[in-house]
Structures are given as structure tokens and as C-alpha cells.
Amino acid sequence: MVDRKALATISLLVAGALALFSLLLLAAGKNPLDTYSSLFSSTLGNAYGFGEVFVKLIPLLFTALAVAVPARLGLVNVGGEGQLHLGALLAAAAALACGSATPRWLGIPVTMVAGMAGGALWALVPALLRSWGFLNETISTLLLNYVALRVVDFFVYGPMRDPGSANIPQTMGFAPGYLWPSFTGRVHIGLVFALLALALAALVLNRTRWGYEIRAIGGNPIASHRHGLPLERAIVVVLCAGGALAGLAGTGEIMAIQGRLRPHFSADYGYLGFLVAWLASHRPLRILIMGFLVAVIATGGDSLQLDQGLPSATVNILMALLLFVVLAREGKLAS
Amino acid sequence: MHPDFVQGWLAGAILASTPLFYAALGETLVEKAGLINLGVEGTMLMGASVSFAVASISGSLPLGLAAGMLAGGLFNLLLGPLIVVRGANQLASGLALMFLGQGLSAFYGKAFVGTSIDGLAPLPIPFLSNLPWVGQILFRQDLLVYLMLPCAFAVWFLLSRTAWGLNLRAVGEDRLVAYAAGSNTGLLRHQALFLGGLLAGLAGAHLSLAIAHTWTEGLTAGRGFIAVALVIFAAWRPLRVLPGALLFGGTLALQIQLQARGAQVSPFLLDMLPYLVTLLVLVLLRKSSRGRMPEGLKEVFESSR
Amino acid sequence: MSCSKKIPVVLTLALLLALATGTRAEPKVIVGALHVGSIKDAGYNQASHDGLELLKKNVPGLSVLEAENVPESADAERVMEQMINKGATIIIAQSFGFQDPALNVAAKYPKVTFLHASGFKLAPNFGTFWGNNFEAMYLAGIAAGAASKSGKLGFITAFPIPNILASINAFELGAKTRNPKVTTTVTYDNAWVDPVKEAGAVNALADAGVDVVTMITDSPITIVKTAEARGIHSIGFHSDALAQFAPKGWLTGVAYTWGDLYTKLVKEVVAGTWKPGHVRGGIESGYLKLAKFGPSVSGETKAAIAKAQAEIVAGKLVIFTGPIKDNTGKEVIAAGQKGGIGLLDTTNWLAEGVIGQAK
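Quick notes on the rules
- Residues numbered from 1 in each chain as written.
- Chains lettered and ligands numbered in written order.
- Predicted model: local features only at pLDDT ≥ 70, side-chain atom pairs only at ≥ 80, totals over all residues.
- Heavy atoms only, no water.
- Salt bridge = Lys/Arg side-chain N within 4 Å of Asp/Glu carboxyl O.
- Helix = DSSP H or I, 4+ residues; strand = E, 2+ residues; numbered from the N terminus.
- Buried < 20%, exposed > 50% of the residue type's maximum accessible area, 1.4 Å probe, protein only.
- Contact = heavy atoms within 4.5 Å.
- Buried area = accessible area lost by both parts, 1.4 Å probe.
- Polar contact = N/O pair within 3.5 Å; in protein donor to acceptor, adjacent residues only side chain to side chain.
- Axes fitted to C-alpha atoms, helices over the stretch in contact; angles between N-to-C directions.
- Parallel < 35°, antiparallel > 145°, perpendicular 65-115°, else oblique.
- Nonpolar A, V, L, I, M, F, W, Y, C, P; charged D, E, K, R; others polar.
- pLDDT = per-residue confidence, 0-100.
- Patch = residues over 30% accessible without salt bridge, like charges linked within 9 Å, V, L, I, M, F, W, Y side chains within 5 Å.
- Areas by Shrake-Rupley, 256 points an atom, 1.4 Å probe, with all protein chains shown as cover.
- Domains from an automatic or database assignment.
- Phe/Tyr/Trp six-rings, centres within 6.5 Å; stacked < 30°, edge-to-face > 60°.
- Expected span 1.5 Å × (residues − 1).
- Left-handed = near helix turned anticlockwise from the far one by under 90°.

(A) A look at the pattern of salt bridges. Using the criterion set out here, one finds 20 salt bridges over all chains in the structure. A salt bridge links C:Lys108 to C:Glu81; its shortest N-O distance comes to 2.6 Å. With C:Lys108 in helix α4 (residues 99-108) and C:Glu81 in helix α3 (residues 75-85), this residue pair connects regions lying 27 residues apart in the sequence. Given the relative accessible area of 44%, C:Lys108 is considered partly exposed. Note that C:Arg178 and C:Glu300 form a salt bridge whose closest N and O atoms lie 3.9 Å from each other. A residue pair is termed long-range when its members are at least 10 positions apart, and C:Arg178 in the loop between α6 (162-176) and β7 (183-188) and C:Glu300 in helix α10 (residues 299-313) qualify at 122 residues. We classify C:Arg178 as partly exposed; its relative accessible area is 36%. Linked by salt bridges that have partners in common, A:Asp162, A:Arg260, A:Arg262, C:Asp100 and C:Lys121 make up one network.

So, in C-alpha cells, the structure goes:
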């Protein structure tokens, strides 16, 4: 069932990007083999590193879906970063407001619902602006990313600050009933949720009538009229769904990894998710593969610093090259 | 002698708006050709880092500025084969360019972190700078600030009064018709990318040489994205880019002036202002901008999947 | 897939596996250090780096792994784990935001010792250290108060966290000893490093009449340079490498000198005598010093500073001696009470005379 030709093509493309990156490394006087060696050994070569790849993968899967689902309707959601922050904020608020004796079977769903609500709310304004024809969602979601960061800062430094933490900007630690448990290392149940979300998205988009219709319309108002599907409502539904998914990314990060809400807890997951979605041409299974690849590279960035003395932002180059080659290959077919 | 609040604010607004202006002006050229580069952020970073590096090493500011501009132009051109020749999705390509710019500038810019040079100093204009009240605001800025108005006119002239400009706009409106009329659409679009990149590179150079006097990773802090928003705000008209940049620069400067004068407002709320104001104005001005979007660009937004 | 396509795939996989195994470091004393910014920032991170260099000189056979630009989030845990994987037995986490990540990793590796800068929690293998910046800031404040003709001082910083608020307060108190009417205006830029905002802040403060500016940001170069360009005085922070950027306006600065502290702590760990605790020291312990004075500092001011420094070291002068009111008029330290080094971790107010928000 796996498209072998596509797999071979993807491997070739990845190799192409790696080769280009090697040239750059050589030009800087670094040994590419050493660099790749430390990148892979620190991630795939030991149990901890491998686990950490999954830790990064979990939010990426959510934020990639946050881009891919609206993309089926032709919408460009660049607001994953902001939506995940608002999701985290609302989840944190719920966990702090609902008392500390909550059992897990209740607490965790509460955080998830709150997280999805937060992300969806943050996507609502761009969605409405777009559906009313006021402003394209690309710009509005982008601008709101910056606002979201400050909103979280405002609450964490202000009303939600932990009074017992000596004035450090962070909330109280969440009660155990809300924390998402881990399997091994820091790999947590968010992985299960993310995989379920992927499967659900694939199901809805590819096998339901509604999914078929939104793909067929692709944002074209005339086509939507013909199908009898109200475009305005579809826009709001898919963008808010995307926001909700991104909200889960943020929720997972604070409920499983951080244990409390702090400012700046996201490592660019929103933008990386955008990258992954495009690398994967918005297809759920490919999102899993590309997400894994990007997670490996992103996780490997630290080892570049420790072993090679390169700034960890160097991996951005590799990721950009990957996206370039994939986009170039697909050309006009990228959809 | 000390500027009052309004003076200080306006002078700060003008300075802060300069990099936004140049980047948005460059992006206007690109979008008039029916293309969109979301990665202006990356281009600005390249301009900022290269200009700082070259100016530091050579000791020559003009050389540094030129190098920054050239770096920006060439960097933008990277999009050419991708979006013009291959027709790849422009929004994703732009973001890839942003990542590339972030990574590249961090990569070789590392050697320059922690160093500083004098860079572009303010150039008070004789006589004018002593005018009461306005003198301090308008005429004690650096060279690139003074060149904003001339550049805006130059680009306006280029686009509306030269054959090249008209051809470019035709390409942006309807590529097939332009092609049929004999235009080399591919070349024109590449040229637009290059020119746009020159200006974005200059914007970055202003940040590192005139404002910060140093280089750090990620110096632009999202200004490239703001520039893209400003193009829409200006309804793709070069002459409107300046007021747009001033508005945004004004909110940036307001926030810091309020803090410096002891205003009792949360710094976080103040920080949100620039983005919220931009969003609000974009929504309010939608009628006047919607009709002006180049047709070719509409395609990019409405059919991207 | 045909055979000719399988082979490259198999080879690639084999290559990846080969690369993935990697090699382990040789066992010796390895210290892992995490920096929140760049070690060449002529500021906070450079000061740490310089301290590590001194540590290497003082303890032969010791090697240091340094990571720069480590985010203050859970990502830091991974960096620490990687260092430990490479054989590090001591981790120096040189930024406030690394505390919780370091504690998490400490719980997993009881044999590794964690030294955290400016934290307030403890664990059997986790201790903290900090230089008492507010003492030095008090002395710097004296220089500022003496130098300022307008009576307006400026303080540019990132976030309103306790040790920064304490420093701002100490700065104002020190300045008041020279000019009882002096005010300090605080601006926050929401980032440890944002040169563009910092330049804007200097200009805005200068516009408002401030003529001496100081800062707690990670990379003060831009502020010092911009101040020089505006013709106002500056007082540096973190590293005395800054003086070169403001030959005329430089007054003095607060410089961390972590080398001796690192050496002391690392030697204790190696010898097995280290115990978890909050190591705090001020000027008297050599963890900080005042940078050399600029050309405009008068002899009288230098003498006053030297005197105050001696009194602080001798314990005769306690900076936060009550009654002290905050800038909303509320009394925060009662008459007869003295606030000590604990204020580094608990301050949530700004002193009278400071213009700005504490939250």
C-alpha cells in the first residue's frame, strides 16, 4: 500500500538536501561526516535521544495538522504558534481553577477540552475575518502569533503568577490529576492523542462526504455554491479545527513536559509544524514521516553546538533546504 | 533642550519605521509582479548580518551597505527558480526562505556577535535641524531615513512611468496576456525579486548599522512579517508604504516612550499594540485595498492548497 | 522496488547505523555549562565564559563543554542530558530559567552535581550560587547619582524578576546618597537580548532627560554605544569589556568574576566536600567587582564608593535598612529592620524614587 516510488523519491530528495548542506559545512571548514554523525548519534543512536525525538514529534504532529486541515480548503494557517500558546493558557487556567483533588480520568480531558477551546478561539477571529471577506487569514494569523506571546506573558507575570514562587514569572505547578503521564522518559500520552488525531483527520478528509466536498471546493466560492456547502461556515469550521489541534500541542507541552505554564515554552513548534505540513503535502501519513525527520533534525541541533561548535540555528538551514527540494520537485503539483 | 514627549515619540517613530519602510517597499515591487515573499524576514537578516560583517571587516560603511543590499537581492533570487520557474507554492517557499535566512545568518554571523562598530550616525541637516520643534524630529536622523521619501518616489516612478514598471504590473495582473504581448515574464519577475531583495537587504542593514550597532541572531524579531502586512495596508501603492511604516513605527516608539516617561501600563499590553493596531487598520481599510491587489497575487491566496 | 533501487537504500541505512553509534568521551573531570545567550556578548554570558576559562586554568585536567543560546525551557533538559552522556559530572546552569529543567535532570542522575545560578531550590545534588549584584549596583548608584546633572537616571532591563528589582532598588538607594531627589526610570523590553528595542529605550530615556543609564540585559553593547552617541553617561553590567565602547561616558560597571567561585565549587565537588546550599557572596567574596572608573568620575566620588564598599564588606552598611517605602507609598521594610541577601530572591516592589512597574 505504501507508494514505493514516492518513498524512493522522498529519500532521494532528502539525500539531495543533505548533500547541499554538506557543501555549506565544508565551506565553513567543518567535516560533514562528523556533523551528520553527531546529529544522528545524539538522536537515533541512544535511547534518551530517541525518546527526545518523540518528545519533539508530539507537538509537531498537532501543529502540522493545524496547517494541513485548513489547507484542504485552501486556507493558509500560519498561526499555529499563537494558537498553541492560547491553548496552553486556557488549559492552565482550567487546571488551576478546577481544584487540585481532581482525578486523572477527569482532569486530563478537562485540560484537553480547554486547550482545544483556547486554540480554536484564537483561530476564530482570523476565521471570521476571512469568511466575511475582510482580511486574508495568512496575515491575520501571523500577526496574532505575536499578540498571543504577550497575552501569555501578561497572565503569567500578572494574575496567574504563582504567589509562592518568589515572584518568578510562572504559574503554580499543576495538580497531578491534570498532568499527562509519560510512557518512558518524557514520551507522553500526547503521542497517542496525536496519532489518533492524524488518523481521525485522514478519515474525515479522505473518507467522508464532507471531507471530499471541502477538498473539491478548495476555497472557490463558485464551486462551494454548486456543492451546496456554505463556504463561510466551512472556513470557520476548518480554521477553528486547526486552532484546536494547535491548542493541543501547547496543552501537551505544559501538561506533560513543563508541569506549569511559563513564558516562552515553545520551541517554534508552530512554524516547524507549517514546515512539516508542506513537506508532507498536507497528507496525514506523510505528516508522520516528515514530522519524524524534522524532529530528528531539530533535536539534533543541540549536538551540533556541543560537538561542532556550530550555532544550533544551523539546523534551520537543513530544514529549509529540505523544504526547498521538496517544493521544487512538486512544483505546481504541490497540493 | 530636551525633546518633549511628542517630539521624542515622533523622532523615535521615524527611526523605527525606516527598516519597515524599506522592506515593505521592496516587497511591494515583488507583489506587483504577482509574487509574494513571506520570507522577507530571512532577507532582512541576511542584509543585517552581511552589512555588519563587511562594514566591520572593511571599515567602510558604503561597502557594508552595498554588500548588505546585494546579499538581500541575491537571497531573494533564490525564490526565483522555485516559485517562478517551478511554480511551487509561494507561501511555503517564502517560509522556507525565512528559515534559511535565520540559519545562515546565525551560522556565519556567529563570529561577529559581541562586536560593535559606529555604523550610521545621525546626520543633522544644517539650518533645517535648528528649526523650532520639527528640527529635532525630522532633521537629525541618519542618511537612510532621509532617503525614504526619495526612494518611495523612485519606486512609484518606476512602476507607473517607465516601460519596465508597466510591463511588470501587467505581468502581475495577467501573466498570459503579458506573455502574449511579448513580455519576458520570467525575467521581469526575477528582476522584481532582485530589486525587492536589494531594498529588504538595505532594511536589514539599517537595523544593524544604524540602530543596533551590533549583530545578534534573530535581530529582526519579526519585522519582516510586519513588512508583508504593511504592503497590504498600503494597498500595493509605493507612496502609501511610508505612512503605513510610520504608523507601525509609531506604535513601536509609543510603547517605549510611555515606559520612559513612567506610564503605569503593563509592558506586555503595550507590546501588543503595534500588532493589534496593524490588524485593526488592515480590517478598516479593507475596501480600499481589496480592489488594488494584483490579480496574479489573488491566485496565490485563493488557490493554495 | 527493483534490486538497483534497493541497494542505495540499504547502503544509506547502513551508513546511518554506522554514524549513529558514535564514540564516547574519555572519562576525566568534565564540566558542562549552559549559557542562555552567546559567549561573546560582552555581557552576562561572556562573564560566565571568562569564569570557565579561569576554572580551566585553575584545575588542570578539567575540560568544559559549553552550549550557547540554550532556551530557558524544557529543551534545556536535553542539552544537559547530552552533556552527561558525554561524561559531564558537573553541570553549571548559568541562567535563572534553567532551574526547573536542571532539577528534573538532577533527579535522574544522582551522581552528577548541578550548580545553578540565582536559583532558590535545593536537592541532594543541586545547589545554587549567585553574586550579590545589588551590592555592586548600590555602589554604581553612588557614581550615577554623583554624575547626573538632571537628577534622572535610567535602568533598562528585560523582565521584572526579583534579583533585578532588588538591583534597581539598590541603584536608586545608592544614587540617593549623592542626590536625595534623584529618580530612576525603568523600562522593560521583554527579552534578554533585543538590541533594537534597547537602542530605542536609550533614546527615549535620553529624550526624557535621563543622563545616566544602566542596564541588566544580556548584551549591553548597544545600550552603551547608543548612550555614548547621545552624549549621556553609562554604567555597564556583567562584563568590564564594555568600557571600550564608551570612552567618554563610561562611569563604571558591575562585572561578574565567576572564575574564583567556579573554582571553589568545582574543587569541593571533586574533593567530595561539596554540600548543597545557596552560595551567595558579594563584593567581599570576589564574585563581582566594580569595573574600572571612567574619565569623568571625580576623586570625591571614588572615595565615597571606596568607603561604602569597605563598610558593606565589614557589615557596617546594610543597604536595605528600614524604613523603606515602595513607589506606591507603601512601607515595605519597617524602621529598624534590615533586608539582607534574601531580597535577591523575594523582591517584588520598586523603591520610592523609581519610576516604573514592578509587575
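(B) Representation of the interface of chain B and chain C. In this complex, chain B contributes 36 residues to the contact, which on the side of chain C involves 32 residues. With both chains or domains summed, chain B and chain C bury close to 2700 Å², and 56% of this area falls on carbon and sulfur atoms. It is B:Ile256, B:Gln259 and B:Ala260 that lose the most area in chain B upon contact with chain C, and together they represent 18% of the buried surface on that side. For B:Asp271, the salt bridge is made with C:Lys197, and the minimal N-O distance between the two is 3.5 Å. Seen at the junction of chain B and chain C, the total is eight residue pairs in polar contact (both at pLDDT 80 or more). Within the residue set of the side of chain B that touches chain C, elements represented by two or more residues are α1 (5-32), α11 (185-212), α13 (238-260) and α14 (267-284) of chain B. At five residues, the largest contribution of residues to the side of chain B that touches chain C is made by α13(B).

(C) Up close: the packing of α1(B) against α11(B). All names here are of chain B. Axis separation between α1 and α11 bottoms out at 7 Å; the angle between their running directions is 170 degrees. Our classification of the angle between α1 and α11 gives roughly antiparallel. Contact with α1, carried on its side by Leu15, Thr18, Pro19, Tyr22, Ala23, Leu25, Gly26, Leu29 and Val30, involves Ala192, Leu193, Leu195, Gly196, Leu199, Ala200, Leu202, Ala203, His206, Leu207 and Ile211 of α11 and no other residues of that element. Of the residues belonging to the contact of α1 with α11, the class tally is 16 nonpolar, four polar and no charged.

(D) Spatial organisation of the environment of B:Leu198. All names here are of chain B. Within the secondary structure, Leu198 is located in helix α11. A C-alpha to C-alpha distance of 17 Å links Leu198 and Ala210, two positions twelve residues apart in sequence. Leave out the neighbours within four places in its chain, and Leu198 touches Met69, Leu70, Gly72 and Gly73.

(E) Focus on the confidence of the model for chain C. Residue and element names in this part refer to chain C. In this model, chain C carries an average pLDDT of 84, and 91% of its residues clear a pLDDT of 70 or more. Low pLDDT, under 50, characterises residues 21-27; the stretch is placed with five contacts to residues that sit more than four places away or in other chains. Two numbers describe this predicted complex: its pTM, 0.86, and its ipTM, 0.84.

(F) Representation of a nonpolar patch on the surface. Residues and elements named next belong to chain B. Judged by side-chain polarity, Val6, Leu10, Phe127, Leu128, Leu131, Trp133, Val134 and Leu138 come together as a nonpolar surface patch covering roughly 650 Å² of accessible area. Among the elements of the structure, α1 and α6 (134-138) are those that each provide at least two residues to the nonpolar patch. With respect to the helices and strands, the residue Phe127 is situated in the loop between α5 (90-109) and α6.

(G) Region of interest: the confidence of the model for chain A. Per-chain confidence: chain A averages 86 in pLDDT, with 95% of residues scoring 70 or above. Of all helices and strands in chain A, the one with the weakest mean pLDDT is helix α9 (residues 221-227) of chain A (69), whereas helix α4 (residues 80-97) of chain A scores best (94).

(H) Structural view of the domain arrangement of chain C. Residue and element names in this part refer to chain C. With domains assigned, chain C is organised as domain 1 (25-131) and domain 2 (133-256 + 287-355). The centre of domain 1, based on its C-alpha atoms, is set 28 Å off from the matching centre of domain 2. Taken together, the contacts link 14 residues of domain 1 with 17 residues of domain 2. Between domain 1 and domain 2 lies a buried interface of about 1200 Å² when both sides are counted; carbon and sulfur atoms form 62% of it. Among the residues domain 1 hides against domain 2, the three largest losses belong to Ala42, Trp130 and Gly131. Together they make up 40% of the total. Across the contact surface, domain 1 and domain 2 share zero salt bridges. At the junction of domain 1 with domain 2, the criterion picks out two residue pairs in polar contact (both at pLDDT 80 or more). Residue assignment for the side of domain 1 that touches domain 2 shows that the elements contributing at least two residues are α2 (44-58) and β5 (126-131). Ranked by the residues each element gives to the side of domain 1 that touches domain 2, the list is headed by α2, at three residues.

(I) Up close: the environment of B:Gly72. All names here are of chain B. Tracing the backbone shows Gly72 in helix α3 (residues 61-77). Residue Gly72 is classed as buried on the basis of its relative accessible area of 0%. Taking the C-alpha atoms as reference points, Gly72 and Leu82, separated by ten residues in sequence, lie 17 Å from one another. Leave out the neighbours within four places in its chain, and Gly72 touches Thr43, Gly197, Leu198 and Gly201.

(J) Fine view of the interface of chain A and chain B. Across the contact, 53 residues belong to chain A and 46 residues belong to chain B. In total, about 4500 Å² of surface goes out of reach between chain A and chain B, with carbon and sulfur atoms giving 77% of it. If you sort the residues of chain A by the area they bury against chain B, A:Leu143, A:Arg150 and A:Phe324 come out on top, with a joint share of 14%. Here chain A is connected to chain B by one salt bridge. Between B:Asp271 and A:Arg150 there is a salt bridge, with its nearest N and O atoms 3.0 Å apart. Linking chain A with chain B are three residue pairs in polar contact (both at pLDDT 80 or more). Those elements that place two or more of their residues in the side of chain A that touches chain B are α5 (104-131), α6 (137-157), α11 (269-279) and α13 (314-330) of chain A. Among the residues making up the side of chain A that touches chain B, the classes are represented as 33 nonpolar, twelve polar and eight charged.

(K) How the structure looks around unusual backbone geometry. Along the chain, C:Gly322 connects to C:Pro323 via a cis peptide bond; the corresponding omega equals 0 degrees. With respect to the helices and strands, C:Pro323 occurs in the loop between β13 (320-321) and β14 (324-325). Backbone geometry at A:Ser281 places phi at a positive 50 degrees, although glycine is not the residue there. Mapping A:Ser281 onto the fold places it in the loop between α11 and α12 (284-308). With relative accessibility at 5%, the residue A:Ser281 sits in the buried group. One non-glycine residue with positive phi stands out, namely B:Ala235, at about 50 degrees. The exposure class assigned to B:Ala235 is buried, which follows from its relative accessible area of 0%.

(L) Main features of the packing of aromatic side chains. Overall, the coordinates contain 28 aromatic pairs over all chains when judged by the stated rule. Look at B:Phe21 and B:Tyr22: their rings are 5.2 Å apart centre to centre, the planes differ by 75 degrees, and that puts the pair in the edge-to-face class. Assessed through its relative accessible area of 0%, B:Tyr22 is described here as buried. Seen in terms of ring centroids, C:Trp258 and C:Tyr262 are 6.4 Å apart; in terms of plane orientation they differ by 15 degrees. Their pairing is stacked. With C:Trp258 and C:Tyr262 both in helix α9 (residues 258-271) and four residues apart, the pair spans about one turn of that helix. Like C:Tyr262, C:Trp258 is buried. An aromatic cluster is defined as three or more aromatic residues linked by ring pairs; in this entry it consists of C:Tyr44, C:Phe129, C:Trp130, C:Phe237, C:Tyr256, C:Trp258 and C:Tyr262.

(M) Region of the structure containing helix α10 (residues 231-258) of chain A. Residue and element names in this part refer to chain A. Under the 1.5 Å per step criterion, the end-to-end length of α10 is 39 Å for 28 residues, consistent within 8% with the ideal 40 Å. Counted residue by residue, α10 has 24 buried out of 28 residues, so it is predominantly covered. One or two residues past the end of α10 sits Gly259, with phi positive at roughly 80 degrees.

(N) Representation of the packing of helix α2 (residues 32-43) of chain A against α12(A) in the model. All names here are of chain A. Look at α2 against α12: their axes get within 8 Å of each other, and the N-to-C directions meet at 120 degrees. Classified by the interaxial angle, the pair formed by α2 and α12 is oblique. In this structure, α2 meets α12 at a crossing whose hand is right-handed. Seen from α2, the contacting residues are Asp34, Thr35, Ser38, Leu39, Phe40, Ser42 and Thr43; seen from α12, they are Val296, Ile297, Thr299, Gly300, Ser303, Leu304, Asp307 and Gln308. Residues that form the contact of α2 with α12 fall into these classes: five nonpolar, eight polar and two charged.

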